[in-house]
Amino acid sequence: MVLYPNADAPSPGKDSLARRARGGLLFMIGFVALLAVIEVLNTMMFGSLNRTFGLRPRTLDGIFDILTFPLLHASFGHLLSNALPLIIFGFLVFLSGLRVFLTALAFSWLGSGLAVWFFGTGGVTVGASGLVFGLFAFLLVRGFFNRSWWQILLSVVLFLAYGGILFGMLPTVMGVVSWQAHLGGAIGGVVAAILLRPRRAGAPTA
């Protein structure tokens, strides 16, 4: 008896990509929903969560605030401005796998927080925009490190669509915008792309 493969069955590669796509979309929507729940609580508490868990530069307590400040926002308008790009960029990074996503997210989070802690000008900083910039920067540069033409093409499309947000990393951006968080997050995203680049064949290992 000869068994023929089912022509209608999805290939393992396509099935894996579909699973990552579903998982990434659900994860990012769930994460933004969590941010919305936190903002509802914060509003009901008249912003006390921001005063307690927002990042205060160059203070001992502020070191721990690095873990919490991206989960808080100044208002629902602030949250909404971050929600869509966060879902889009996070989803696109998640397509490369959970390990890649968590690495890019962690370095974006840490880079954003450290930049604010060291170079913030005072006051309390909150918001997930540093994560947005970190994931965006990761998507922009990873194709060049991976030497992947389709990732480079994606980076070009993303730059054309969202490249204007990069002005948010400039110190000339004043007011309530934390350029330090944006720049630190972007640096973290680039560092993640460097660390995740493929090893060259025959490269020495420690």
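Whatever comes next refers back to the structure up there.
In short, a report on the structure. Note that residues are indexed from 1 along each chain, following the sequence as it is written. Reporting in this predicted model follows two pLDDT cut-offs: at least 70 for local features of residues, and 80 or more for side-chain atom pairs to be given and counted; totals over whole chains, interfaces and linings ignore these cut-offs and use all residues. Each side-chain value is derived from all of the structure's non-hydrogen atoms; neither hydrogens nor water enter the calculation.

## Comments concerning the environment of Ala115
1) Next: Counting from the N terminus, the helices are the DSSP runs of H or I reaching at least four residues and the strands are the DSSP runs of E reaching at least two. Locating Ala115 in the fold gives a position in helix α5 (residues 98-119).
2) Next: Relative accessibility under 20% of the residue-type maximum defines a buried residue, over 50% an exposed one, and the middle range a partly exposed one, all with a 1.4 Å probe and only protein chains included. Residue classification places Ala115 among the buried positions, given a relative accessible area of 11%.
3) Next: Linking Ala115 and Ile66, residues 49 residues apart in sequence, is a C-alpha distance of 9.9 Å.
4) Next: With residues near it in sequence (within four places) discarded, Ala115 still touches Gly120, Gln180 and Gly184. Contacts between residues were defined by any pair of non-hydrogen atoms, one from each residue, lying within 4.5 Å.

## Section: a nonpolar patch on the surface
1) Next: Patch membership is restricted to residues that have no salt bridge and whose relative accessible area is over 30%. Joining uses 9 Å for like charges and 5 Å for the nonpolar side chains Val, Leu, Ile, Met, Phe, Trp and Tyr. A 1.4 Å probe and the Shrake-Rupley method give the accessible areas. Residues count as covered only by the protein chains that appear here. The salt bridge definition used is simple: a Lys or Arg side-chain nitrogen within 4 Å of an Asp or Glu carboxyl oxygen. Residues Val37, Val40, Leu41, Met44, Met45 and Phe76 make up a contiguous nonpolar surface patch of about 550 Å² in total accessible area.
2) Next: In terms of residue count, helix α1 (residues 12-44) provides more of the nonpolar patch than any other element does, four residues in total.
3) Next: Considering the arrangement of structural elements, one finds Met45 in the loop between α1 and α2 (48-53).

## A closer look at unusual backbone geometry
With the exception of glycine, most residues fall at negative phi, and the peptide bonds are largely trans.
1) Next: Within the chain, Arg58 stands out as a residue other than glycine whose phi angle is a positive 55°.
2) Next: Inspection of the secondary structure puts Arg58 in the loop between α2 and α3 (60-65).
3) Next: For Arg58, a relative accessible area of 47% translates into the label partly exposed.

Remember that the coordinates give geometry; whether it matters functionally is a separate question.
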